[in-house]
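Structural overview
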Amino acid sequence: MAWFFLIIAGFAEIGSVISLKRADGFKKLLPSVACLFLGSLSFYFLSLSLTSLPVGTAYAIWTSIGSVGSVLAGMIFFNEPRSLRLNLFIMCIIAGAIGIKMTSGH
């Protein structure tokens, strides 16, 4: 169940970052509220996952989901730059997360 909580936390983190971008420095109410809610939700589910996962593993996976998801969301929703090198580095983050998971013993 801890891995399920961690995945929810990662996706909530992506939603929080998207909302933060749309909040325009917390000048827009609805995206600001969404950012705070989703950020809190992300931390809540991260804390649930930490009840049985090592903190280093959980944090690395959580930040990997958030980082890769935020970069992809930026490309999709905000027309941010795409490049072969960027895709390579995204794959490095994913490979690192998989490596950490494989060596965590969980």
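Treat the numbers as computed from the prediction; the structure is a model and nothing was measured.

**Digging into the nonpolar core**
Counting 15 residues, the largest nonpolar core has L6, A9, L46, L53, A58, I61 and W62 as its most contacted members. If you list the elements that add at least two residues to this core, you get α1 (2–22), α2 (29–49) and α3 (55–77). The element best represented in this core is α1, accounting for six residues. Ignoring sequence-local partners within four residues, the contact set of A9 consists of S42, F45, L46 and W62.

**So, the UniProt feature "transmembrane region" (unreviewed entry) in the chain**
Here, the residues flagged by UniProt with the feature "transmembrane region" (unreviewed entry) are residues 29–47, 59–78 and 84–103. Helix and strand shares over residues 29–47 are 100% and 0% respectively, and the end C-alpha atoms of the span are 27 Å apart. Between the C-alpha atoms that bound residues 84–103 there is a distance of 29 Å. The span itself is 100% helix and 0% strand.

**Here's the deal with the packing of α3 against helix α4 (residues 84–103)**
Interaxial distance between α3 and α4 falls to 9 Å at its minimum, and their mutual angle equals 160°. The orientation of α3 relative to α4 falls into the category roughly antiparallel. Crossing of α3 against α4: the hand is left-handed. Touching T57, A60, I61, S64, V68, V71, L72 and M75 of α3 are L86, N87, I90, I93, I94, A97, I100 and K101, all from α4. Tallied by class, residues from the contact of α3 with α4 come to twelve nonpolar, three polar and one charged.

**What about unusual backbone geometry?**
If a residue is not glycine, its phi is most likely negative; likewise, a peptide bond is most likely trans. A positive phi angle, close to 55°, is found at D24, a residue other than glycine. Tracing the backbone through its elements, the reader meets D24 in the loop between α1 and α2. Look at D24 and you get partly exposed, because its relative accessible area is 39%. The phi torsion at F26 lies on the positive side, around 60°, for a residue other than glycine. Mapped onto the secondary structure, F26 falls in the loop between α1 and α2.

**Re the confidence of the model for the chain**
With 99% of its residues at a pLDDT of 70 or more, the chain has an overall mean of 95. Per-residue pLDDT, averaged within each element of the chain, yields its smallest value for α4 (94) and its largest for α2 (98).

Reading the values: the criteria
Residues numbered from 1 in each chain as written. Predicted model: local features only at pLDDT ≥ 70, side-chain atom pairs only at ≥ 80, totals over all residues. Heavy atoms only, no water. Core = buried A, V, L, I, M, F, W, Y, C linked by side-chain atoms within 4.5 Å. Buried < 20%, exposed > 50% of the residue type's maximum accessible area, 1.4 Å probe, protein only. Helix = DSSP H or I, 4+ residues; strand = E, 2+ residues; numbered from the N terminus. Contact = heavy atoms within 4.5 Å. UniProt positions renumbered as here; feature names shortened; annotations may be inferred. Axes fitted to C-alpha atoms, helices over the stretch in contact; angles between N-to-C directions. Parallel < 35°, antiparallel > 145°, perpendicular 65-115°, else oblique. Left-handed = near helix turned anticlockwise from the far one by under 90°. Nonpolar A, V, L, I, M, F, W, Y, C, P; charged D, E, K, R; others polar. pLDDT = per-residue confidence, 0-100.

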